[in-house]
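# Descriptive structure summary
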Amino acid sequence: MISNRSFFASRREFLTRTSSIAVAGLLGLHGRDVAAEPPPEIKKIRVFHVPAICHAPQYLAEEMLRMEGIDVEYVPFGTRYIPDALAASKADMTMWNAMELLPHLDANKPIVVLAGIHSGCFEVFGNDRVQSIRDLRGKSVSVTYLGGGDHILLASMLAYVGINPKEVNWIPGTHSLLDAKDAFINGKSDAFVGFAQQPTELRAMKIGHVIVDTTTDRPWSQYFCCMLAANRDFARRYPITTKRAIRAALKAADICNDQPLKVARFLADKLYEPRFQIGSDVIQRLPYNRWREANPEDTLRFHALRLHEVGMIKSSPEKLIAQGTDWRFLNELKKELKA
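Residues numbered from 1 in each chain as written. Predicted model: local features only at pLDDT ≥ 70, side-chain atom pairs only at ≥ 80, totals over all residues. Heavy atoms only, no water.

## Thoughts on the pattern of salt bridges
Following the criterion strictly, the structure yields 22 salt bridges and no others. Across the salt bridge formed by R265 and D269, the nearest N and O atoms sit 3.9 Å from each other. Taken as a pair, R265 and D269 lie in helix α11 (residues 260–269) at a separation of four residues, close to a single helical turn. Residue R265 is classed as partly exposed on the basis of its relative accessible area of 33%. Connected through shared salt-bridge partners, E123, R203, D213 and R285 make up one network. (Salt bridge = Lys/Arg side-chain N within 4 Å of Asp/Glu carboxyl O. Helix = DSSP H or I, 4+ residues; strand = E, 2+ residues; numbered from the N terminus. Buried < 20%, exposed > 50% of the residue type's maximum accessible area, 1.4 Å probe, protein only.)

## Some remarks on the packing of aromatic side chains
Inspection of every chain in the model, using the stated rule, returns eight aromatic pairs. A ring pair is formed by F122 and F195, whose centres lie 5.6 Å apart and whose planes are at 40 degrees; its orientation type is tilted. With F122 in the loop between β4 (111–118) and β5 (123–126) and F195 in the loop between β8 (191–194) and α8 (198–205), this pair connects stretches of sequence that are 73 residues apart. Judged by relative accessible area, F122 falls into the buried class, the value being 4%. (Phe/Tyr/Trp six-rings, centres within 6.5 Å; stacked < 30°, edge-to-face > 60°.)

## What to know about the packing of helix α3 (residues 56–67) against α11
For any two helices packed against each other, one specifies the crossing angle of their axes together with the interaxial distance. At their nearest, the axes of α3 and α11 sit 11 Å apart, and the two run at 75 degrees to each other. Taken as axis vectors, α3 and α11 run roughly perpendicular relative to one another. Residues A56, Y59, L60 and E63 of α3 touch α11, and the partners they reach there are V263, F266 and L267. For the contact of α3 with α11, the residue count by class is six nonpolar, no polar and one charged. (Axes fitted to C-alpha atoms, helices over the stretch in contact; angles between N-to-C directions. Parallel < 35°, antiparallel > 145°, perpendicular 65-115°, else oblique. Contact = heavy atoms within 4.5 Å. Nonpolar A, V, L, I, M, F, W, Y, C, P; charged D, E, K, R; others polar.)

## What to know about helix α5 (residues 98–106)
In terms of residue burial, α5 counts as a mostly covered element, since eight of its nine residues are buried. Along α5, the positions that sit buried rather than exposed are A98, M99, E100, L101, L102, H104, L105 and D106. N108 sits one or two positions beyond α5 and adopts a positive phi of about 55 degrees.

Spelled out as structure tokens, the structure:
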């Protein structure tokens, strides 16, 4: 995987040579008639930018919002501590994994979850000593960092099969997204939770084997991985802009579902993921139409129950959902985008 630094530098270089018009032509995007809708309160929205190919709808949404006159400013932040930064208003909105948002909702940080986007992303890999989640008791697991989405998802999985997460030896990374994967590759851990491009990369290297695939294995496949969240103050102050941003993300998710190869080409051309085959593998396997079918509350409730059982959060699922979600825009848009 390319480094964060080269990722953003390459993207800036490419953007000097391309335009939203060309991208719109590639994907068949068209401006939307918004005459009946009030104009957005502001003309710019700040979004976290991370090198994770599963965030493809966020990258496409940028083009749609520009055609509606809303500029998107990307805030490069890597893949660590995104919810903390969102609560601190370092950006206005982002896609992020549902699991990592829960402790921040539990602490009543100023974050609001607005929609689910898709399921999948995460796959749990084990070495020869690990054939199932139950085999992880007493074993070592490398994770990006404690409190990250991979750590919290696997903690939820452990609780689901009756294992306290404290019975696992967690090996957090230090600085990079690659640390946890490298620890598994080098035999320093027995298991690893990969996401986005990482599972495809490990399969290509023929390292480890998958013990849980959240794209296909129940109950995990029934719940969202990536959700759309915003800084709570931003969503309250700018509801029209917020709704337009959600609409763009949902329509972009539909495009990912319906035209995965075109999306992979778009991502490669814009250097989000220059390896076309890797990008197409990821985009094709993720169910980007999940937002139309699933209730996002179910995802938060399911994981919150598991985490509450093992003492990782204090609030009940009902309290978390009441204070940390707003589904009004999503419910309106599901009716609008039903066709």
